[in-house]
Amino acid sequence: MARAFLFVLDSFGIGGAPDAEAFGDLGANTLGHIAEFCAIGAADRPGLREGPLSLPNMSALGLIHAAKLATGTIPQGMPVPNRVYGAYGAASEVSRGKDTPSGHWEIAGTPVMFDWGYFSAKGDAFPPELVEAICREANIPGILGNCHASGTDIIVRHGEEHMRSGKPICYTSSDSVFQIAAHEQSFGLDRLLELCQIVRRLLDHYNIGRVIARPFVGTSPQTFARTGNRRDFSVLPPEPTILDRLVEAERSVHAIGKIGDIFAHQGVTKLTKADGNMALFDASIAAIDEAEDRSLVFTNFVDFDMLYGHRRDVAGYAAALEAFDARLPDLDRRLQPGDIVILTADHGCDPTWRGTDHTRERVPVLMFGPSLRSRSLGIANTFTHIGETVAKHLGIAPGHHGRSLI
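None of these values were measured; they are calculated from a predicted model. (Residues numbered from 1 in each chain as written. Predicted model: local features only at pLDDT ≥ 70, side-chain atom pairs only at ≥ 80, totals over all residues. Heavy atoms only, no water.)

**With respect to the nonpolar core**
The line we're drawing: Nine residue types can take part in a nonpolar core, namely buried Ala, Val, Leu, Ile, Met, Phe, Trp, Tyr and Cys, and a core is a set of them joined through side-chain atoms within 4.5 Å. For the exposure calls, accessible area comes from a 1.4 Å probe over protein chains only, and a residue counts as buried if that area is under 20% of its type's maximum, exposed if over 50%, partly exposed in between. Only heavy atoms enter the contact rule, under which two residues are in contact if any of them lie within 4.5 Å.
If you look at the biggest cluster of nonpolar residues, it comprises 85 residues, and the most contacted ones within it are Met58, Phe324, Leu331 and Leu343. With sequence-adjacent residues up to four places away left out, methionine 58 is seen in contact with Leu9, Phe12, Leu63, Leu321, Phe324, Asp325, Leu328, Leu343 and Leu366. Counting residues in each nonpolar core, the second largest holds 28 residues, with Phe119, Ile198, Ala213 and Phe233 among its members.

**A few points about helix α6 (residues 151-165)**
The line we're drawing: Bend at a given residue is defined as the angle between two axes, one fitted to the seven residues that end at that position and one fitted to the seven that begin there. Here a strand is any run of E in DSSP of at least two residues, a helix any run of H or I of at least four, and the numbering for each starts at the N terminus.
Within α6, the axis deviates most sharply at histidine 158, by approximately 55°. Listing the buried residues of α6 in full gives Gly151, Ile154, Ile155, His158, Gly159 and His162. Where α6 is buried, its residues meet β3 (144-148), β4 (169-172), β5 (177-183), α7 (184-203), β6 (210-217) and β7 (225-226). Positioned one or two residues after α6, glycine 166 has a phi angle of 80°, which is positive.

**Points about the pairing of β3**
We apply this condition: The criterion for strand pairing is that DSSP finds at least two bridges linking the strands in question. With the strands pointing away from the viewer, any crossover whose connection runs clockwise from the first strand over the helix to the second is right-handed.
Sheet topology note: the β3/β4 ladder contains 4 bridges and is parallel. Its bridge partner lying in β4, histidine 148 is registered against threonine 172. Each parallel crossover has a hand, and the one from β3 via α6 to β4 is right-handed.

**Side note on the pattern of salt bridges**
The test is simple: By definition, a salt bridge exists where a carboxyl oxygen of Asp or Glu is found within 4 Å of a side-chain nitrogen of Lys or Arg.
Counting across every chain of the model gives 23 salt bridges. Across the pair aspartate 204 and arginine 200 runs a salt bridge, and its minimum N-O distance is 3.3 Å. Given the relative accessible area of 49%, aspartate 204 is considered partly exposed. One continuous salt-bridge network, built from bridges that share partners, spans Asp282, Asp289, Arg327, Asp330, Arg333 and Arg334.

**Considering the state of the cysteines**
This is how the line gets drawn: Note on terminology: pairs of cysteine sulfur atoms within 2.5 Å are recorded as disulfides.
One pass over the structure, following the stated rule, counts 0 disulfides. Cysteine 38 carries a free sulfur, and the closest cysteine sulfur to it, the one in cysteine 349, is 16 Å from it.

**Notes on the side chain of serine 11**
For serine 11, the location among the structural elements is in the loop between β1 (4-9) and α1 (30-39). Using a relative accessible area of 0% as the deciding quantity, one classes serine 11 as buried. Setting aside residues no more than four positions away along its own chain, serine 11 makes contact with Thr30, Phe304, Asp305, Tyr317, Asp346, His347, Gly348 and Cys349.

In structure tokens form, the structure reads like this:
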């Protein structure tokens, strides 16, 4: 038996990216700053968590050592374990963006060496000719927002007018993305998804990476809440990824969470949706129990980024990390000889950093399994080494970028 389980803790950076200054992120460190806030009591929240950041299982897999590789320092308040049980390292991104598709595609062996298109942060975000085309082809009376915004804030700001007028709420960020929020009942979920498909086609000319459907429910700014029916409409990766190569070799690829959307549903043999980190972990456990020999289970744990990183919620991020860490023994007990688990991330989203956007950081690479010996993997100069590690473990030919870490 040789199976691979690749878990992406969305936005769990560990600082130290060599090109962070070019992105305005010199000094950003998602793990390091969360640990610092926890150590001084600034991430205590009654009923949620308190005290230093406690990640005993990931620490035993080498998280503290990986953080020291990335930055030269140990996260404040986190004890160094006497023994490490996993193979650990850090990885630097070479793709030109610090966004979700770039990070995931590079993890899957395909770096993004072109520049994405982006929308203006000044004035109206979207060109008038694009807005006109969207309204005409989708038969909508107009749009609301048309700016850079936080997804939760803009729903509070425009939700009631959206429900009265039927105009969808359209916004963007520093990522290459066009996001559309609409009420599941008054506007309709199916109609929102159809609108996103129209916008996806119209945006190909602008080289925009993703269109994201952001459905919500509620009747007032106080009760508006986004639902788990988010859907990403991505462009295809620029060349075949490890997912495509596995399917071509007649292997199974189980995509859990938003993995299918990120890869435009290419290279996926089974898709499982789930809402929330714990539901995603449950779905991953179920996939592990049924995964075939030489198959890949690929999961994105989106809450770290969506609920806590972008919202700059340090206590929430810390609690989510601690909850994830507590589930790892259950995962470990289900592994069979020959299995390998890789924990990593696609970028950073330091909740202590200025603004609300992703941060350019190195990411952890923590690997473990019944037959894998403990050792340092050093610092990989590209995320593609992660995908090539999966390729080698599952016995398929290497790709054009990167090399196996084991």
